Amino acid sequence: MTNIVTIDNVEDLRAALFEHRCARESIGFVPTMGFLHDGHASLMRAAAAENDVVVASIFVNPLQFAPDEDLDDYPRDLVGDTALAREAGVHYLFTPVRDLMYPIQPVATTISVGGLSEGLEATTRPTHFAGVATVVTKLFSIVGQCKAYFGEKDFQQLAIIKRMVIDLSLPVDVVGCPIIREPDGLAMSSRNTYLEGADRTAAAVLRRALDAGVAAVDAGERDPQVVMSDMAAVIESEPLASLDYVAAVDAASLEIPSTLAGEIRLLVAAQVGRPRLIDNCGVRI
Ligand code: PAF
């Protein structure tokens, strides 16, 4: 198990990382909003396997929450998070407060990534990705040159961050890591803590919808609309789930092609009880 140092200010983190850079040590970075689970641990372990030093951040970023979302209730557990991060090989846990990240409010400078930030999640969360892109840019600017690890569960977010790093020439190598699931297929998420009773069982329907999409493609279906309606039918068969969207998109452009070919991503979003859940998987044709 590593020693872990918690740092809540930019100067100390930069000074610590400067020492490692002088020693020519590579830096892995895992940005999070805390309430860590095995999905986060898998990112941290990947960062530890590929780098000399691992930094993780915990910051519940107000900029990516709409006024009607769960910013104030977002689950928090710094003691548990520190134990998980230490176990997963993190050396530095960066835990800035809101005023440190956004000293002048309202924030005047934001990052918006065109194209990829439209549709899918953005349809119901139109300001979300500008909030994500802005905080991730700030975190990259604080941590500096690094390899940064993100889960594929937030597939649109990952695509946006990869594009942003290219467009802004940020000195960051973005690594996407596979989704970690519960035994019944539910993708791990901090918001799964909101699932209670029958809703928790019903939540596995997202995975089953993706399976139906994959089965259709495997059976030779190439019309995205047919694959999407197969996926939607599975969500609609679960009375406790309310469908937001299903999509079969080109994995690079995130657009629905006229015919499915190449690297395809199947995505689903549904409300199950309190949380709105998302999931996705890849299929290669
Ligand atoms: O995926 C998340 O947890 C957040 O969107 C991120 C990337 C840490 C930015 O706040």
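Residues numbered from 1 in each chain as written. Predicted model: local features only at pLDDT ≥ 70, side-chain atom pairs only at ≥ 80, totals over all residues. Heavy atoms only, no water.

## Regarding unusual backbone geometry
Cis geometry is adopted by the peptide bond preceding P106, which originates at Q105 and carries an omega value of 0 degrees. Within the element layout of this structure, P106 appears in the loop between α4 (98-101) and α5 (121-124). Phi at L120 takes a positive value of approximately 50 degrees, unusual for a residue other than glycine. Summarising the element assignment, L120 is placed in the loop between α4 and α5. Look at L254: it is not a glycine, yet its phi comes out positive at around 65 degrees. Structurally, L254 is set in the loop between β7 (241-250) and β8 (263-272). (Helix = DSSP H or I, 4+ residues; strand = E, 2+ residues; numbered from the N terminus.)

## Section: the packing of helix α6 (residues 128-143) against helix α7 (residues 155-167)
Two elements in contact, α6 and α7, have axes separated by 10 Å at closest approach and are oriented at 50 degrees. Taken together, α6 and α7 sit at an angle that is classed as oblique. With respect to the hand of their crossing, α6 and α7 are arranged in right-handed fashion. Taken together, the residues of α7 that come into contact with α6 (itself represented by F129, V132, A133, V136, T137 and F140) are Q156, Q157, I160, I161, M164 and V165. Within the contact of α6 with α7, the residues separate by chemical class into 9 nonpolar, 3 polar and no charged. (Axes fitted to C-alpha atoms, helices over the stretch in contact; angles between N-to-C directions. Parallel < 35°, antiparallel > 145°, perpendicular 65-115°, else oblique. Left-handed = near helix turned anticlockwise from the far one by under 90°. Contact = heavy atoms within 4.5 Å. Nonpolar A, V, L, I, M, F, W, Y, C, P; charged D, E, K, R; others polar.)

## A look at the pairing of β8
Of all 10 residues in β8, 8 are buried; the element is thus mostly enclosed. Both β7 and β8 contribute to a ladder of 9 bridges, which runs antiparallel. Counterpart to D250 in the pairing with β8 is I264. Relative to strand β9 (residues 276-284), β8 runs antiparallel, the two sharing 9 bridges. Within β9, the residue paired with A269 across the bridge is I278. Joining the antiparallel neighbours β8 and β9 is a turn of 3 residues, in which G273 adopts a positive phi near 65 degrees. (Buried < 20%, exposed > 50% of the residue type's maximum accessible area, 1.4 Å probe, protein only. Pairing = 2+ DSSP bridges.)

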